[in-house]
Amino acid sequence: MKHRTSQRAHLSAHGLALLAGLSLLPATLPAQTFLPDQQHLFFKADDTKACLKCHGMANFAFRDSSLTRVRDLSVAAAAYNASVHGSLHCQQCHPEVKEYPHRFEPARKVVGCGDDCHATDPKGAPYTHAKVADEFGASVHGATLKKKNSDAPTCLSCHGKGSPHAIVKARKAVTITEKMALCVTCHDDHAVMTRNKVTTEAVSSYKRSFHYKAIRFGETNTAVCQDCHTVHGVLPRDSARSTIAPANVARTCGQDKCHPGANMNFAMSGANHLGLRIEREPLLWFMENFFLVLTLGTLVMLLVGIALDVQRKYGWLALAGKGTRAVGRRTLRLTEAARPALRFAKRILID
Ligand code: HEC
Ligand code: HEC
Ligand code: HEC
Ligand code: HEC
Ligand code: HEC
């Protein structure tokens, strides 16, 4: 911090020119390099514009000191303003950033979605997503994330398309198919699922369910992944608190006026993932195939029966022979009629 003085300064044209040069500079430069010597900025707590003078530039990125990755520090102003957080000031989430060159001593605390963001809701209560963050933290995905497994979703996998500064309202804006896509991106990726010892058939088996078929017919008020598994608190089947644990699954179907009074057999029918159960229970596999053979067999017998019946009543084999001969005669007549025309064409073209 050798250039630091206590004097307040505004970002000069010179400073901005240097900063514009920084955009996508693949160099490792100390932050101080980007302001003319002896200048130091202090930010007012609500001065979002000052932050955006630098961070609002597209491609405001630099290569970090280990030279292994490019850090993108740009915040798209338009997307930020349109986001659910657009009315917040940068410092409400980044309280350590009070001056430039930035001083992060000790190292900057990464902003978590469960933090107290120093804002209040319309009723004056402190605003935080701690409840959702805790629920997510206790879920199978949160546990996987804590193990530093990058296959697990983070809040930003589903909100903001990866950017913490472009999060839009989730509740009403998401259609049923978009909601499903949030889970399907990972759960239909067989490589990711196999790596994590999770069934690869969750999505394909759901797609064979009544619920998904209803979606295909345009129904929007039917169950997708989140309705049975919850949005943020997803737990595996063998966890006692899981909405899909055998002891709870009937209650899950009965929620929100969906299927009041549902019982276990109802819950584990073709409504969700019959395929997963069939994989687990050989008897069901046998029954499924037995009924397939039975149905196909009955159909074939029925068709043969009809054919024989028609033959007995109308002698269709003889009819078919007659028909073929009639068609043959007609074709012959047609060729005869076309012969003069063909001769004529031949004369013009070849002779
Ligand atoms: C003069 C240009 C400039 C201004 C104005 C500015 N920043 Fe920065 N900011 C930078 C540069 C350059 C870096 C990367 C080097 C560093 O960390 O100091 C950075 C880094 C950051 C980081 C990431 C630190 C890290 O490495 O993880 C955050 C967060 C940040 N700025 C927030 C803000 C906020 C909030 C404001 C407004 C209160 C602001 N900045 C104003 C230039 C600026
Ligand atoms: C709702 C809270 C919130 C607000 C408001 C907010 N940020 Fe952030 N910001 C985050 C989160 C979350 C991260 C990602 C975690 C981290 O690096 O701390 C982040 C990261 C950053 C980074 C580092 C990016 C990186 O890849 O290392 C910069 C720079 C930054 N923010 C600048 C700003 C600026 C400038 C503003 C105001 C225009 C702002 N932020 C407003 C939550 C916020
Ligand atoms: C797998 C995707 C997914 C992940 C991961 C996720 N969310 Fe959500 N979130 C959603 C969906 C979908 C909705 C809309 C829910 C609805 O329709 O009611 C939502 C709604 C929300 C809401 C608004 C509704 C409410 O319950 O208050 C908040 C706040 C929220 N999420 C925060 C978070 C936070 C914080 C994290 C990380 C700890 C996170 N989300 C992780 C998909 C996700
Ligand atoms: C970013 C990728 C990703 C997204 C998005 C995602 N998951 Fe997962 N999910 C995983 C991974 C990885 C695991 C394995 C966790 C483990 O066991 O360590 C997992 C585990 C699970 C499990 C437990 C499976 C088991 O056998 O233990 C269920 C159930 C589940 N996810 C459902 C969902 C639902 C429902 C959604 C949408 C709301 C969703 N997931 C979104 C990656 C994802
Ligand atoms: C109608 C409710 C319902 C819907 C909709 C639903 N599931 Fe399930 N899911 C269940 C039930 C119940 C089980 C347990 C099935 C079993 O064990 O036979 C389950 C099991 C799973 C498992 C295996 C969990 C484990 O611990 O073994 C995964 C992964 C999963 N579902 C993901 C999804 C995804 C992804 C979607 C959306 C594409 C989805 N589910 C839609 C109810 C549902």
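Quick caveat, the model's predicted, so the values are computed rather than measured. (Residues numbered from 1 in each chain as written. Chains lettered and ligands numbered in written order. Predicted model: local features only at pLDDT ≥ 70, side-chain atom pairs only at ≥ 80, totals over all residues.)

Novice: What exactly am I supposed to notice about the overall build of the chain here?
Specialist: Within the chain one finds 17 helices and four strands. With 351 residues in all, the chain has 12% of them scored as buried. (Helix = DSSP H or I, 4+ residues; strand = E, 2+ residues; numbered from the N terminus. Buried ≥ 20, exposed ≤ 12 C-beta atoms within 10 Å, placed from the backbone.)

Novice: What should I look at first to understand the site of ligand 5 in this one?
Specialist: Close to ligand 5 lie 25 residues, the nearest being Cys225, Cys228, Pro236, Arg237 and Asn272. At the level of secondary structure, the elements contributing two or more residues to the shell around ligand 5 comprise α8 (176-187), α10 (202-207), α12 (225-229) and α15 (274-280). Split by residue class, the shell around ligand 5 holds 16 nonpolar, six polar and three charged. (Near = placed C-beta within 6 Å. Nonpolar A, V, L, I, M, F, W, Y, C, P; charged D, E, K, R; others polar.)

Novice: Explanation requested: α8 in the structure shown.
Specialist: Structural remark: α-helix, 3.6 residues per turn; residues separated by three or four positions point the same way. Over its 12 residues, α8 runs 17 Å from end to end, which matches the ideal 16 Å to within 8%, given 1.5 Å per residue. The complete set of buried residues in α8 reads Met180, Cys183 and His187. Projected down its long axis, α8 carries its buried residues within an arc of 65 degrees, all on one side. Exposed positions of α8 whose direction lies more than 90 degrees from the buried face are Thr177 and Glu178. Looking at the packing, one finds that the buried side of α8 touches α9 (190-195), α10 and α12. (Expected span 1.5 Å × (residues − 1). Arc of directions from axis to C-beta. Contact = placed C-beta atoms within 7 Å.)

Novice: Just to check I follow, could you spell out the nonpolar core for this structure?
Specialist: Across soluble globular proteins, you tend to see nonpolar side chains buried next to one another. Judged by nonpolar contacts, Met180, Cys183, Ala223, Val224, Cys225, Cys228, Ile244, Val249, Cys253 and Ala267 together constitute the single largest core of 10 residues. Among the elements of the structure, α8, α12 and α13 (249-254) are those that each provide at least two residues to this core. Ignoring any residue separated from it by four or fewer positions in sequence, one finds valine 224 in contact with Ile176, Lys179 and Met180. (Core = buried A, V, L, I, M, F, W, Y, C linked by C-beta atoms within 7 Å.)

Novice: Whenever I open this one, the site of ligand 2 confuses me. Can you help?
Specialist: Residues in close proximity to ligand 2 total 20 residues, the closest being Cys51, Cys90, Cys93, Val111 and Pro164. Going through the elements one at a time, α2 (48-55), β3 (70-72) and α4 (90-93) are the ones with two or more residues in the shell around ligand 2. Looking at which element gives the most residues to the shell around ligand 2, the answer is α2, with four residues. For the shell around ligand 2, the residue count by class is 12 nonpolar, six polar and two charged.

Novice: Looking at this model, I keep getting lost on the environment of alanine 76. Mind explaining?
Specialist: With respect to the helices and strands, the residue alanine 76 is situated in the loop between β3 and α3 (77-82). When the C-alpha atoms of alanine 76 and asparagine 59 are compared, they prove to be 9.6 Å apart, with 17 residues separating the residues in sequence.

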